[in-house]
Amino acid sequence: MNGHIIQDLKQFIAAAVSQETSIITEDISRLDTKIDKLDKKLDDKTNVILGAVGDTTSPRFEAVEAEVVELDTRVTKLESATS
């Protein structure tokens, strides 16, 4: 092989590698975009679910808290009455 053929091969290989690297870079960029969109959707769904859980449990916790306060008041009155 002469020097011109070797130079041509080197240029061909460099161009092929550059093109493949460019394609891979574009693929990675598209995947990053998809991942970002999926992360946002997941965050949105998580917030909806957590909001729904909070909405359904909050009234029950408030009712339990009111019952605890009432029981505490009754126990305090009973303790006062027995002293």
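Reading guide: rules and limits
Residues numbered from 1 in each chain as written. Predicted model: local features only at pLDDT ≥ 70, side-chain atom pairs only at ≥ 80, totals over all residues. Heavy atoms only, no water. Helix = DSSP H or I, 4+ residues; strand = E, 2+ residues; numbered from the N terminus. Rg over C-alpha atoms; globule rule 2.2 N^0.38 Å. Areas by Shrake-Rupley, 256 points an atom, 1.4 Å probe, with all protein chains shown as cover. Patch = residues over 30% accessible without salt bridge, like charges linked within 9 Å, V, L, I, M, F, W, Y side chains within 5 Å. Salt bridge = Lys/Arg side-chain N within 4 Å of Asp/Glu carboxyl O. Lys, Arg positive; Asp, Glu negative; His and termini not counted. Charge placed at Lys NZ, Arg CZ, Asp CG, Glu CD. Buried < 20%, exposed > 50% of the residue type's maximum accessible area, 1.4 Å probe, protein only. Expected span 1.5 Å × (residues − 1). Polar contact = N/O pair within 3.5 Å; in protein donor to acceptor, adjacent residues only side chain to side chain.

J.: Which residues make up the overall build of the protein, and what values do they have?
T.: Across its full length, the protein holds 1 helix and 0 strands. Against the 2.2 N^0.38 benchmark of 12 Å for 83 residues, the protein shows a C-alpha radius of gyration of 35 Å, more extended than a compact globule. Oriented by its inertia axes, the alpha-carbon framework of the protein measures out at about 110 × 25 × 10 Å. Accessible surface, the protein as shown: approximately 7600 Å² in total, 63% of it carbon and sulfur.

J.: Summarise a positive patch on the surface; cite the residues concerned and give the values.
T.: On the surface, a cluster of positive charge is contributed by Lys 34, Lys 37, Lys 41 and Lys 45. Structurally, Lys 41 can be placed in helix 1 (residues 3–82). The exposure class of Lys 41 is exposed, given its relative accessible area of 56%.

J.: Which residues make up helix 1, and what values go with them?
T.: When the terminal C-alpha atoms of helix 1 are compared, their 110 Å separation across 80 residues agrees well with the 118 Å that a helix rising 1.5 Å per residue should span. The N-capping residue of helix 1, defined by a side-chain oxygen 3.1 Å from the backbone nitrogen of His 4, is Asn 2.

J.: Describe a negative patch on the surface, listing the residues and the values that go with them.
T.: A contiguous patch of negative charge, built from Asp 32, Asp 36, Asp 39 and Asp 43, is present on the exposed surface. Along the polypeptide, Asp 32 turns up in helix 1.

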